[in-house]
Amino acid sequence: MSVAEYMQVIGAMIGAFASFVTSIDQRILRRLEKNGALTTDTAISLPNQKLIGRWRLQRLMNHNVVVKTSEDLYYLDRQAKSRFKMKRLRIVIPVLIILLTVMAGYYFVQNR
């Protein structure tokens, strides 16, 4: 297998994993929004999460996007959610630009 093929496989795997993780985040956030859990008064319980779900919930809590009350209930902080989305975009966009630049450079070097 050539380097280009390895890069394609790795890129596809990273993309699939990122999509999977994002879908878990969205599922948690949608459940909170759908149930109106936006303050401590409207906080809800979340069903037991599997390993990756617990990891993503903890990450959302670390960024204060999801807040846990003293009664083990959870609610969504919409302002923190907006900040978190912007933070992720500020990371993803430069990474994509770098990857596309490297791939384009490799392509042009190979096809001289």
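Now for a quick tour of the structure. (Residues numbered from 1 in each chain as written. Predicted model: local features only at pLDDT ≥ 70, side-chain atom pairs only at ≥ 80, totals over all residues. Heavy atoms only, no water.)

## Describing the overall build of the chain
Okay, so step 1: The secondary structure content of the chain amounts to 3 helices and 2 strands.
Okay, so step 2: Counting from the amino terminus, helix and strand elements in the chain follow one another as α-α-β-β-α.
Okay, so step 3: Here the C-alpha atoms of the chain give a radius of gyration of 19 Å, more than 25% beyond the 13 Å that 2.2 N^0.38 yields for 112 residues.
Okay, so step 4: Oriented by its inertia axes, the alpha-carbon framework of the chain measures out at about 65 × 25 × 20 Å.
Okay, so step 5: Burial statistics for the chain: of 112 residues in total, 22% are counted as buried.
Okay, so step 6: When contacts within the chain are restricted to residue pairs at least 6 apart in sequence, long-range pairs at least 24 apart make up 60% of them.
Okay, so step 7: Split by element, the accessible area of the chain, about 8400 Å² in all, is 61% carbon and sulfur.
Okay, so step 8: Seen as two clouds, the 17 positive and the 7 negative side-chain charges of the chain have centres 7 Å apart. (Helix = DSSP H or I, 4+ residues; strand = E, 2+ residues; numbered from the N terminus. Rg over C-alpha atoms; globule rule 2.2 N^0.38 Å. Buried < 20%, exposed > 50% of the residue type's maximum accessible area, 1.4 Å probe, protein only. Contact = heavy atoms within 4.5 Å. Areas by Shrake-Rupley, 256 points an atom, 1.4 Å probe, with all protein chains shown as cover. Lys, Arg positive; Asp, Glu negative; His and termini not counted. Charge placed at Lys NZ, Arg CZ, Asp CG, Glu CD.)

## Some points on the nonpolar core
Okay, so step 1: Grouped together as the largest cluster of nonpolar side chains are 18 residues, with contacts concentrated most on Ile28, Leu32, Val65 and Val66.
Okay, so step 2: For this core, the secondary-structure elements that each account for two or more residues are α1 (3–34), α2 (51–62), β2 (74–76) and α3 (78–110).
Okay, so step 3: Counting residues per element, this core draws most heavily on α1, at 4 residues.
Okay, so step 4: Leave out the neighbours within four places in its chain, and Val66 touches Ile28, Leu29, Leu32, Leu57, Leu60, Met61, Tyr74 and Tyr75. (Core = buried A, V, L, I, M, F, W, Y, C linked by side-chain atoms within 4.5 Å.)

## Section: the environment of Pro94
Okay, so step 1: Note on placement: Pro94 falls in helix α3.
Okay, so step 2: For Pro94, a relative accessible area of 39% gives the class partly exposed.

## Digging into a nonpolar patch on the surface
Okay, so step 1: On the surface, Met1, Tyr6, Val9, Ile10, Met13 and Ile14 cluster together to form a nonpolar patch covering roughly 660 Å² of accessible area.
Okay, so step 2: Residue position: Ile14 is located in helix α1.
Okay, so step 3: On the accessibility criterion, Ile14 (55% relative accessible area) is exposed. (Patch = residues over 30% accessible without salt bridge, like charges linked within 9 Å, V, L, I, M, F, W, Y side chains within 5 Å. Salt bridge = Lys/Arg side-chain N within 4 Å of Asp/Glu carboxyl O.)

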